[in-house]
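# Architecture at a glance
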Amino acid sequence: MGAFETLRIANTSLGAHQVWLDALAGNIANANTARRTSEDAFQATYVVFDARADGGVDVGGFAAGDPEGRMVHSPDHPLADEDGYVRLPDLDMAAQMSQLVMAQRGYQASVQVTKSAQDTYSAALQIGAR
């Protein structure tokens, strides 16, 4: 695999990891978004990845979380129904945070691969210039 191929694959990974990080940030930011019980809960965004035939990865699409969410008794909340309930998203914060760490590390690994490939190119150009 040549360095150009390595850069192309690392670039697809950088883009995919950035989309994943953005989706996770939105999910975490809305973890406590309350809605009326007559409305759908905030739906988490899950990124679907597709492997490319020539290497790398693409964002194949997005999946939405459960609109049912979970009912929480919070009678003092301004959106509470007559029984004192609001609808919150059904998010597992531990899973979201674990995925956030994985996405960050994947992004960092792709950056390091890109840097290494660039260093290899630079060294090759130095050799050719002598």
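The sections below set out a description of the structure shown in this document. (Residues numbered from 1 in each chain as written. Predicted model: local features only at pLDDT ≥ 70, side-chain atom pairs only at ≥ 80, totals over all residues. Heavy atoms only, no water.)

What follows deals with the overall build of the chain. Looking only at helices and strands, one finds 2 helices and 4 strands in the chain. Across the chain, helices and strands are ordered from the amino to the carboxyl terminus as α-β-β-β-β-α. A globule of 130 residues ought to have a C-alpha radius of gyration of about 14 Å, yet the chain, at 21 Å, is considerably larger. C-alpha atoms of the chain, sized along the principal axes, occupy 80 × 25 × 20 Å. Out of the 130 residues in the chain, the part that is buried amounts to 28%. (Helix = DSSP H or I, 4+ residues; strand = E, 2+ residues; numbered from the N terminus. Rg over C-alpha atoms; globule rule 2.2 N^0.38 Å. Buried < 20%, exposed > 50% of the residue type's maximum accessible area, 1.4 Å probe, protein only.)

Pairing geometry for strand S1 (residues 45-51) and strand S2 (residues 57-64), over 7 bridges, is antiparallel. Bridged to alanine 51 within S2 is valine 57. What sits between S1 and S2 in their antiparallel hairpin is a turn of 5 residues, with glycine 55 showing a positive phi close to 95 degrees. (Pairing = 2+ DSSP bridges.)

Right, let's talk about the environment of methionine 93 for a bit. Mapped onto the elements, methionine 93 comes out in helix H2 (residues 93-129). Sequence separation between methionine 93 and alanine 29 is 64 residues; the distance between their C-alpha atoms is 11 Å.

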